[in-house]
2 protein chains.
Amino acid sequence: MTNHVLFHTLHQLSRQLTNKLNEALKPYGLYSAQWSVLFVLNTKGSITQKELCEYLFVEAPPMTRTIQRLVKQGYVKQIPGQDKREKFIQLTEEAVKEFPKWEHAVSKCNQALLMDFPETSQQELVSLQSSWLKQLL
Amino acid sequence: MTNHVLFHTLHQLSRQLTNKLNEALKPYGLYSAQWSVLFVLNTKGSITQKELCEYLFVEAPPMTRTIQRLVKQGYVKQIPGQDKREKFIQLTEEAVKEFPKWEHAVSKCNQALLMDFPETSQQELVSLQSSWLKQLL
DNA sequence: AAAAATTAATTACCTAGGTAACTATATCGA
DNA sequence: TCGATATAGTTACCTAGGTAATTAATTTTT
């Protein structure tokens, strides 16, 4: 019985959080999945789509779509690798310029979401989730 | 910084769990969203789509789709209410007959997912998630 | 009682993520 | 070396969930 509640609340939480994130990103014409890619590119620099998929645990097809949208918006460029099968993805100058605004919006959103949720609880939650996730993968 | 990890792992976990659930339900031709509806109907009996939405915190359009698929599969029927706008949803006889099998498959799946995750951790996780979720809604 | 506002459900269209099948390139083995 | 196999990415199509607009029925207001 408690199992069911566990899965249910986890699912609900995840949905609520992405909804809020999408709301926060709306003024910038971005969506949560795009943000996750931009965030990774900002820290990792230029990496292949494969690596992006592995890092975000997402299958290749949705990644292709997300990247294509980012390309169309001018926030990301694809550079053919030495191995001609692979494409390196990196932020455009414009994306680098805009990034701080996006980051600020996201961080404000996250802060609001965590407002009444104590720091210690957050850390416990991360710890529990991480250990569970590690076992699943 | 820890915020980002928190949201990331939550999202990953949620996706992994629904993927596994979908896998477990595949032999029965069902998907996770359908299962969540069937599960609620099994405990609540006959309720309106509105109530289903409220219970599962899902918007009306996706609920309409999920129900229409279940109707097509013969697992659910829609009964017009006294208020002609609303439709009461309930399990068909066949669904009632099949339910135990589905429930067993799901519960086996959940058990496998939680195998190496201690009972106490599960309870902590539920407690943390629930309190956070309550604040968000 | 008639007009206005509200509500339940649907339709159309969007993002997010999954699998299967395909293409093009690279690598491995006989 | 050349044929088989593996790999990166794309395309097509599926479920899941969201918003906006629409329809039909019910309430509320006037």
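Residues numbered from 1 in each chain as written. Chains lettered and ligands numbered in written order. Predicted model: local features only at pLDDT ≥ 70, side-chain atom pairs only at ≥ 80, totals over all residues. Heavy atoms only, no water.

Regarding the overall build of chain A
Argument step 1. Of the regular secondary structure elements, chain A holds six helices and three strands.
Argument step 2. When its helices and strands are written in sequence order, chain A yields α-α-β-α-α-β-β-α-α.
Argument step 3. In terms of overall dimensions, chain A has C-alpha extents of about 50 × 35 × 20 Å along its principal axes.
Argument step 4. When each of the 137 residues of chain A is scored for burial, the buried share is 42%.
Argument step 5. Partitioning the contacts of chain A with sequence separation of at least 6, the portion at a separation of at least 24 is 51%.
Argument step 6. Each charge class in chain A can be summarised by its mean position, and for the 16 positive and 13 negative side chains these summaries are 7 Å apart. (Helix = DSSP H or I, 4+ residues; strand = E, 2+ residues; numbered from the N terminus. Buried < 20%, exposed > 50% of the residue type's maximum accessible area, 1.4 Å probe, protein only. Contact = heavy atoms within 4.5 Å. Lys, Arg positive; Asp, Glu negative; His and termini not counted. Charge placed at Lys NZ, Arg CZ, Asp CG, Glu CD.)

Focus: unusual backbone geometry
Excluding glycine, most residues fall at negative phi; most peptide bonds, likewise, are trans.
All names here are of chain A.
Argument step 1. Unlike most non-glycine residues, phenylalanine 57 shows phi in positive territory, near 55°.
Argument step 2. In this structure, phenylalanine 57 sits in the loop between helix H3 (49-56) and helix H4 (60-73).
Argument step 3. With relative accessibility at 39%, the residue phenylalanine 57 sits in the partly exposed group.

Side note on the interface of chain B and chain A
By a frequent convention, interface size equals the accessible area lost on bringing the separate parts together.
Argument step 1. Contact residues are listed per partner, giving 42 residues for chain B and 42 residues for chain A.
Argument step 2. At the boundary of chain B with chain A, the tally comes to zero salt bridges.
Argument step 3. At the junction of chain B with chain A, the criterion picks out twelve residue pairs in polar contact (both at pLDDT 80 or more).
Argument step 4. Counting only elements with at least two residues in the side of chain B that touches chain A, the list comes to helix H1 (2-25), helix H3 (49-56), helix H5 (93-114) and helix H6 (119-136) of chain B.
Argument step 5. Top element by residues in the side of chain B that touches chain A is H1(B). It accounts for 17 residues. (Salt bridge = Lys/Arg side-chain N within 4 Å of Asp/Glu carboxyl O. Polar contact = N/O pair within 3.5 Å; in protein donor to acceptor, adjacent residues only side chain to side chain.)

Let's talk about the protein's contact with DNA strand C
Argument step 1. Around DNA strand C, the structure places 28 residues, and the nearest of them are Arg65(A), Arg69(A), Arg15(B), Lys50(B) and Lys87(B).
Argument step 2. The sugar-phosphate portion of DNA strand C accounts for 73% of its atoms within 4 Å of the protein, the bases making up the rest.
Argument step 3. Separating a base oxygen of DNA strand C from a side-chain N or O atom of Arg85(B) is a distance of 3.0 Å.
Argument step 4. Residue Lys87(B) places a side-chain N or O atom 2.6 Å away from a phosphate oxygen belonging to DNA strand C.
Argument step 5. Of all elements in the fold, only helix H2 (32-44) and H4 of chain A together with H1, H3 and helix H4 (60-73) of chain B reach the threshold of two or more residues within the surface near DNA strand C.
Argument step 6. In terms of residue count, the dominant contributor to the surface near DNA strand C is H4(B) (five residues).
Argument step 7. Classifying every residue of the surface near DNA strand C by side-chain character gives seven nonpolar, nine polar and twelve charged. (Near = heavy atom within 4 Å. Nonpolar A, V, L, I, M, F, W, Y, C, P; charged D, E, K, R; others polar.)

Section: the protein's contact with DNA strand D
Argument step 1. By nearness alone, 28 residues border DNA strand D, and Arg15(A), Lys50(A), Lys87(A), Arg65(B) and Arg69(B) come closest of all.
Argument step 2. When the atoms of DNA strand D within 4 Å of the protein are sorted by group, sugar and phosphate make up 75%.
Argument step 3. In this structure, a phosphate oxygen belonging to DNA strand D sits 2.7 Å away from a side-chain N or O atom of Thr64(A).
Argument step 4. The contact in question runs from a phosphate oxygen of DNA strand D to an N or O atom on the backbone of Ala33(B), over 3.0 Å.
Argument step 5. For the surface near DNA strand D, the secondary-structure elements that each account for two or more residues are helix H1 (2-25), H3 and H4 of chain A together with helix H2 (32-44) and H4 of chain B.
Argument step 6. In terms of residue count, the dominant contributor to the surface near DNA strand D is H4(A) (five residues).
Argument step 7. Tallied by class, residues from the surface near DNA strand D come to seven nonpolar, nine polar and twelve charged.

Regarding empty space enclosed by the protein
Argument step 1. The full count for this structure, using the stated rule, is one cavity of 30 Å³ or more.
Argument step 2. Each pocket or cavity is described by its volume, and for the largest cavity that value is around 30 Å³.
Argument step 3. Lining the largest cavity we find His4(A), His8(A), Ser36(B), Phe39(B), Val40(B), Tyr55(B) and Leu56(B).
Argument step 4. Among the elements of the structure, H1 of chain A together with H2 and H3 of chain B are those that each provide at least two residues to the lining of the largest cavity.
Argument step 5. Considering each element in turn, the lining of the largest cavity owes the most residues, three residues, to H2(B). (1 Å grid on protein atoms, 1.4 Å probe; cavity = no way out; pocket = protein on both sides within 12 Å on 5 of 7 lines; lining within 4 Å. Points joined across faces, edges and corners; volume = space filled by probe spheres on them.)

Concerning the pairing of strand S3 (residues 87-91) of chain A
Regular strands place their side chains on alternate faces of the sheet.
All names here are of chain A.
Argument step 1. The pairing of strand S1 (residues 47-48) with S3 spans two bridges and is classified as antiparallel. In the strand pairing of S3, threonine 48 is matched with phenylalanine 88.
Argument step 2. Linking strand S2 (residues 76-80) to S3, which pair antiparallel, is a turn of six residues. (Pairing = 2+ DSSP bridges.)

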